[in-house]
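Close look at the chain arrangement
Here is how the chains run, residue by residue.
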Amino acid sequence: MSPTNPAAVEQPRRIELSIGGMTCASCAARIEKKLNKLDGVQASVNYATEKAQVTYSEAVDPAVLIATIEATGYTAAAPPPLQEADDQPGEAGPEAGEADSLRSRLLICAILTVPVIAMSMIPALQFRNWQWLALTLASPVVVWGALPFHRAAWTNARHRAATMDTLISLGVSAAYLWSLWALFIGHAGMPGMRMPFTLLPQSDSGIEHIYLEVAAAVTVFILAGRYFEARAKTQSGAALRALLHMGAKDVTVLREGAEIRIPTAQLNVGDIFLVRPGEKIATDGVVVEGTSAVDASMLTGESVPVEVHPGDDVTGATVNAGGRLVVRASRIGADTQLAQMARLVEEAQNGKASVQRLADRVSGIFVPIVLALSAATLAAWLLTGHSGTVAFTAAVAVLIIACPCALGLATPTALMVGTGRGAQLGILIKGPQILESTRRVDTIVLDKTGTVTTGRMSLIAVHPRAEQDSDEVLAFAGAVENASQHPIAAAIAAAASAQGALPQVQEFSSHNGQGVTGVIDSHAVMVGRLSWLTEDWALASPDDLTTVAEHAQSQGGTPVWVAWDGAVRGVIVVADTVKDTSAQAIEQFRELGLRPILLTGDNRRAALAVAEQVGIDPDDVISEVLPADKVAAVKTLQSQGRTVAMVGDGVNDAAALVQADLGLALGTGTDVAIEASDLTLVRGDLRTAADAIRLSRSTLKTIKGNLFWAFAYNVAALPLAALGLLNPLIAGAAMAFSSVFVVSNSLRLRRFASTATSPKSAVGPHVATPASGQVRQSEK
């Protein structure tokens, strides 16, 4: 038998399933437990999003996963892939339909319940035989209004399980059946019966006491809580739906010289399409013809339109605010930045933070404990000589007050709102575990080029050696640099191209961040760092050029040395400009308790000049670092006991982003950035990094606040109910309020405001998906 490759056999697969029928966190815990019992399966079920993230081996059939969930008493299906919906944005999705159904049921039950409560609480309204009218009005509420709870409780009972619906159904049914017994067997049905209302049960209460108002009111309160939960879940998912609705539905493509209008879904990579003023750009692409201003505010939160020209990248769902553009499609469907953003947001919302897993474990065992506690309460009151009414009231109050709804909603609702708000601001949080990292971070390492600065180098001056022609120096350097993707190389090549056609280059080679070489007309040309030329090639630098280079460095410029045929021929000075908002961002980092450190491959003087402009201390500047050494720089800081956040572009800085305790990819939406970073920042404004940390910390604070109140509520309320100090009617209202409070507290995150809204924001045309400026480390 031939050997097999274990890695190939055991390659894990992943599927997302939509779960139907869950009513509380204990339902999610049951499903998760059942799935995880399967060999080769690891599942995480989220009650708030009603989805399961399942990783399974190739030996497992996905149909088995669905069958397992259905055997547990719930429905399951693979959701359709993320795509731009055709409907208008609004309350779409199953939550909206659930909210509409609950609202109708709630209104009818509330109308029937109000008279029952009034008659039961106000003796003056208790006319002769009022109890029979109360029974007539309460019965539809208990039977039809509470039917979802009864149905779920019965389904759970068939599967030998108990959930929150079990507690509600038992509590409501017990109150109703007690009332029927009192009316038909006891003396409560006698004409002229009166029943005073008290917040606390009376020890002398007899069999004539009925609980129709409790059964009906608890049903209404729980329905109200469920309705507000469904509405809140719809609102908290609004940001993701808004992302999916952003894209254009139709596009005008140019085929054989004719304009044809087709659905965006029919676009192919390489298609040429037209974008008129005021239209949305159909998909990610490159401008082929035309100049315009593009409004990316819907996607990135950037308030200032960005100028684009031929060769610039544009992002789907942004709006052409100026002239006519002709664009070549570069990415379509699930590969576009819009789809990537939506996918990241959904994955983050479906994930679980460590604090939520604790709540899930508690919810999973909470219901059986409450059932036992309710039975113990009933027995304790009866054994101590109290009336059946007092014992029954306390037992029912325990059942109703203990429902763990708030525990199940505390974390996912805050996470949904926080990540959704982040997406609206161009901040993509990769997962809930990232929130814990932002709390601990005390040091933030900033890549210089393209992060603190604009990343768009420009030629400042060409200094040739004596008796050397400056045009020739620039032409030779530009020709060799034209084969490099580095921003400094691009600036030199662009300046050289502007003065004429570049000579042909042969045998081009890049030398590990030190420089580049090539052969032009039999001349061996070298362009790069002075240290590289002197140490590796044993070339001497003329004194006059050394003086020029040192002066350029002191002014923040970067000298690039040019040599051929064994001699230094000149120095080319290029410079990068600091973003207008970088100094403000540094100040915000300090307000957050972070120590900013500048990390760059540039020379020391250039790095210090930039640091001085933005307000970073000279002692916090790490310069002349090669790409391979960036990880070592982060490790060094961590070895000093610091918790490090790293801000870079996610391409050349990918390893450092992974090494850092918190990685932030700034100003890019590329796959490398998304994979390497913990937080992806769509905008190029460094202040967005401060916003991301503030939002993450606010979300984590909200989660912990929710969990505190949810735990505190149950811990405080259960003893009161067991001691007979809580009327079941008040218990039902309090339980519903706890869930509404947790969800409402989470919704406050929708008001989170960004500081990166200044019209001075220096964001260039490559904010969304830059085609250039991706390599941060200087090659020179």
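Model, not experiment: these values are computed from the prediction. (Residues numbered from 1 in each chain as written. Predicted model: local features only at pLDDT ≥ 70, side-chain atom pairs only at ≥ 80, totals over all residues. Heavy atoms only, no water.)

Moving on to the overall build of the protein. Assigned secondary structure in the protein consists of 27 helices and 26 strands. Burial analysis of the protein (780 residues in total) assigns 56% to the buried set. Looking at the protein alone, contacts between residues at least 24 apart form 73% of all its contacts between residues at least 6 apart. Carbon and sulfur atoms form 57% of the exposed surface of the protein, whose accessible area is close to 31,200 Å². (Helix = DSSP H or I, 4+ residues; strand = E, 2+ residues; numbered from the N terminus. Buried < 20%, exposed > 50% of the residue type's maximum accessible area, 1.4 Å probe, protein only. Contact = heavy atoms within 4.5 Å. Areas by Shrake-Rupley, 256 points an atom, 1.4 Å probe, with all protein chains shown as cover.)

Attention shifts here to the UniProt feature "transmembrane region" (unreviewed entry) in the protein. The residues that UniProt annotates with the feature "transmembrane region" (unreviewed entry) are residues 106-124, 130-147, 167-190, 210-228, 362-383, 389-411, 706-723 and 729-747. With 84% helix and 0% strand, the stretch residues 106-124 has end C-alpha atoms that lie 27 Å from each other. (UniProt positions renumbered as here; feature names shortened; annotations may be inferred.)

Side-chain pairs of opposite charge can arise whenever the charged atoms involved come near each other. Scanning the entire structure with this criterion turns up 12 salt bridges. Notably, a salt bridge pairs R590 with D617, separated by 4.0 Å at the nearest N-O pair. Of this pair, R590 sits in helix α21 (residues 582-591) while D617 is found in the loop between α22 (604-614) and β23 (621-622), placing the two residues 27 residues apart along the sequence. The class of R590 is partly exposed, set by a relative accessible area of 36%. Residue D685 pairs with R687 through a salt bridge whose shortest N-O separation is 2.8 Å. (Salt bridge = Lys/Arg side-chain N within 4 Å of Asp/Glu carboxyl O.)

Nonpolar side chains collect at one region of the surface, where F708, W709, F737 and F741 lie side by side and expose about 470 Å² of accessible area between them. Sorting the residues of the nonpolar patch by element identifies α26 (687-722) and α27 (728-747) as the ones contributing at least two each. In this fold, F708 is placed in helix α26. Exposure remark for F708: the relative accessible area of 51% places this residue in the exposed category. (Patch = residues over 30% accessible without salt bridge, like charges linked within 9 Å, V, L, I, M, F, W, Y side chains within 5 Å.)

Turning next to the pairing of strand β3 (residues 51-56). Within β3, 5 of the 6 residues are buried, leaving the element largely enclosed by the surrounding structure. The pairing of strand β1 (residues 13-20) with β3 spans 6 bridges and is antiparallel. Note on β3: the bridge partner recorded for R14 is T55. Two strands pair when backbone bridges link them, and strand β2 (residues 41-46) and β3 are joined in this way by 6 bridges, in the antiparallel orientation. Paired with V41 across the strands is Y56, a residue of β3. (Pairing = 2+ DSSP bridges.)

Turning our eyes to something else, we now look at the nonpolar core. Side chains of nonpolar character tend, in soluble globular proteins, to be buried together. Grouped together as the largest cluster of nonpolar side chains are 131 residues, with contacts concentrated most on V54, F589 and L686. Discounting residues that sit within four places of it in the chain, V54 has contacts with R13, R14, I15, L17, L35, V41, Q42, A43 and L65. Of all hydrophobic cores here, the second largest spans 21 residues; its members include L474, A479, I488 and V560. (Core = buried A, V, L, I, M, F, W, Y, C linked by side-chain atoms within 4.5 Å.)

As a further point, take helix α17 (residues 470-481). Between its terminal C-alpha atoms α17 stretches 16 Å, which fits the 16 Å expected from 12 residues at 1.5 Å a residue. Among the 12 residues of α17, 9 are classified as buried, and the element is accordingly described as predominantly covered. Of all the positions in α17, only V473, L474, A475, F476, A477, G478, A479, V480 and E481 are classed as buried. By the N-cap criterion, in which a side-chain oxygen at the helix start approaches the backbone nitrogen of a residue two or three places on, α17 is capped by D469, the distance to D471 being 3.4 Å. (Expected span 1.5 Å × (residues − 1). Polar contact = N/O pair within 3.5 Å; in protein donor to acceptor, adjacent residues only side chain to side chain.)

Our next topic: the sheet that holds strand β11 (residues 313-314). Pairing is antiparallel in the open sheet, where 6 strands are placed in the order β6-β5-β7-β13-β8-β11. At either end of the open sheet lies a strand with only one pairing partner, and these are β6 (258-263) and β11. Sheet analysis places strand β8 (residues 284-289) next to strand β13 (residues 325-331), joined by 5 bridges and oriented antiparallel. Following the sheet pairing, V287 is matched in β13 by V327.

Note on placement: S44 falls in strand β2. When its relative accessible area of 11% is taken as the criterion, S44 is described as buried. Here the alpha-carbon distance between S44 and V54, two residues 10 residues apart in the chain, equals 6.5 Å.

The subject of this paragraph is the packing of helix α5 (residues 130-145) against helix α7 (residues 164-184). With their axes 12 Å apart at the nearest point, α5 and α7 run at an angle of 150° to one another. Classified by the interaxial angle, the pair formed by α5 and α7 is roughly antiparallel. As α5 packs across α7, the resulting crossing turns out to be left-handed. The residues of α7 that touch α5, namely those facing Q131, W132, L135, S139 and V142, are V172, Y176, L180, L183 and F184. Looking at the contact of α5 with α7, its residues break down into 8 nonpolar, 2 polar and no charged. (Axes fitted to C-alpha atoms, helices over the stretch in contact; angles between N-to-C directions. Parallel < 35°, antiparallel > 145°, perpendicular 65-115°, else oblique. Left-handed = near helix turned anticlockwise from the far one by under 90°. Nonpolar A, V, L, I, M, F, W, Y, C, P; charged D, E, K, R; others polar.)

A separate point is the packing of aromatic side chains. Summed over the entire model, instances satisfying the criterion amount to 9 aromatic pairs. Ring centres of W178 and W181 lie 5.7 Å apart, and the angle between their planes is 85°; this geometry places the pair in the edge-to-face category. Residue W178 and its partner W181 are located together in helix α7, separated by 3 residues, close to a single helical turn. Under the relative-accessibility criterion, W178 is labelled buried at 12%. (Phe/Tyr/Trp six-rings, centres within 6.5 Å; stacked < 30°, edge-to-face > 60°.)

A separate point is unusual backbone geometry. Where the residue is not glycine, phi is negative for most of them; where a peptide bond is considered, it is trans in most cases. The backbone of E467 shows a phi angle near 65°, a positive value even though the residue is not glycine. Residue placement: E467 occurs in the loop between β16 (458-464) and α17. Judged by its relative accessible area of 87%, E467 is exposed.

The next subject is α5. Helix length check: α5, at 16 residues, gives a terminal C-alpha distance of 22 Å against a target of 22 Å (1.5 Å per residue), a fit within 8%. Of all bends in α5, the biggest is about 30°, found at A138, and the proline P140 comes one to four residues later. (Bend = angle between axes of the 7 residues up to and from the residue.)

Bringing the sheet that holds β1 into the picture now. Reading across from one edge, β2-β3-β1-β4 is the order of the 4 strands in this open sheet, with antiparallel pairing throughout. Because the sheet does not close on itself, it has two edges, and the strands there are β2 and β4 (75-77). Within the sheet, the average angular offset between the axes of one strand and its neighbour, ignoring direction, is 25°. For β1 and β4, the ladder comprises 3 bridges, and the chain directions are antiparallel.

Attention now goes to the environment of F589. With respect to the helices, strands and loops of the structure, F589 is situated in helix α21. What makes F589 buried here is its relative accessible area of 0%. Along the sequence, F589 and I693 sit 104 residues apart, while their C-alpha atoms lie 9.1 Å from each other. Excluding residues that lie within four positions of it along the chain, F589 makes contacts with I444, L446, L594, L686, A689 and A690.

Where helix α15 (residues 433-440) contacts α26, the two axes come as close as 8 Å, and the packing angle between them is 110°. Judged by the angle between their axes, α15 and α26 are roughly perpendicular. In this structure, α15 uses L435, E436, T438 and R439 to contact α26, whose residues at the interface are I693, S696, R697, T699, L700, I703 and K704. Class assignment of the residues belonging to the contact of α15 with α26 gives a composition of 4 nonpolar, 3 polar and 4 charged.

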